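The lines below spell out each chain.
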Amino acid sequence: MSEKEASDLIAEAKQDFNDRLESGDNLMDICEEWFGLEPDYLDEFLFLKQN
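It should be emphasised that the depicted structure is a prediction, and the values quoted were computed from it without experimental measurement.

Draft legend 1. Examining the overall build of the chain more closely. Helix and strand content of the chain: 3 helices and 0 strands. In sequence order, the secondary structure elements of the chain are arranged as α-α-α. Expected size for 51 residues packed as a compact globule is a radius of gyration near 10 Å; at 11 Å, the chain falls within 12% of this value. Residues classed as buried in the chain amount to 20% of the 51 residues present. Looking at the chain alone, contacts between residues at least 24 apart form 35% of all its contacts between residues at least 6 apart. Within the structure as shown, the chain displays about 3800 Å² of accessible surface, and the carbon and sulfur contribution to it stands at 50%.

What follows is the structure, given as structure tokens:
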């Protein structure tokens, strides 16, 4: 995956996160659904979201 593809994927995941946050949906599965990672990576994703 190129750096551009990775950046685009992260941007899409951030948008999905914001949509879920606004609608009150479950946020714990977002890392698994987008990146195949366990829920304990949510902290890392939140750090990326701030940047």
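On we go.
Draft legend 2. View of the environment of L46. Of note, L46 is situated in helix α3 (residues 42-50). On the accessibility criterion, L46 (31% relative accessible area) is partly exposed. Separated by 41 residues in sequence, L46 and E5 place their C-alpha atoms 20 Å apart.

Draft legend 3. Representation of the nonpolar core within the structure. Counting 7 residues, the largest nonpolar core is built from A13, F17, L27, I30, C31, L42 and F45. For this core, the secondary structure elements donating two or more residues are α1 (3-23), α2 (30-35) and α3. Beyond its immediate stretch of four places on either side in the chain, A13 contacts I30, W34, F35 and F45.

Draft legend 4. Representation of a negative patch on the surface. Taken together, E32, E38, D40, D43 and E44 make up a surface patch of like negative charges. You can see D40 is positioned in the loop between α2 and α3.

Definitions and cut-offs
- Each chain carries its own residue numbering, running from 1 in the written order of its sequence.
- It should be noted that, the model being predicted, local features are given only for residues of pLDDT at least 70 and side-chain atom pairs only at 80 or more, the latter also being counted only at that level, while totals for whole chains, interfaces and linings use all residues.
- Only hydrogens and water are set aside when side-chain values are computed; all heavy atoms of the structure are taken into account.
- Note on conventions: DSSP H or I runs of at least 4 residues are helices, E runs of at least 2 residues are strands, and numbering of each starts at the N terminus.
- The globule rule is 2.2 Å times the number of residues to the power 0.38, and the radius of gyration it is compared with is taken over C-alpha atoms.
- Relative accessibility under 20% of the residue-type maximum defines a buried residue, over 50% an exposed one, and the middle range a partly exposed one, all with a 1.4 Å probe and only protein chains included.
- In what follows, a contact means two residues having at least one pair of non-hydrogen atoms within 4.5 Å.
- To measure how exposed things are, a 1.4 Å probe is used in the Shrake-Rupley method; for residues, cover is taken only from the protein chains shown.
- Side-chain atoms within 4.5 Å are what join buried Ala, Val, Leu, Ile, Met, Phe, Trp, Tyr and Cys residues into a set we call a nonpolar core.
- Like-charged residues within 9 Å of one another, or nonpolar side chains (Val, Leu, Ile, Met, Phe, Trp, Tyr) within 5 Å, are grouped into patches, provided each residue has over 30% relative accessible area and no salt bridge.
- Any Lys or Arg side-chain nitrogen found within 4 Å of a carboxyl oxygen on Asp or Glu counts as a salt bridge.
- As used throughout, the charge tally considers Lys and Arg to be positive and Asp and Glu to be negative, leaving His and the chain termini uncounted.
- The location of each charge is read from NZ of Lys, CZ of Arg, CG of Asp or CD of Glu.

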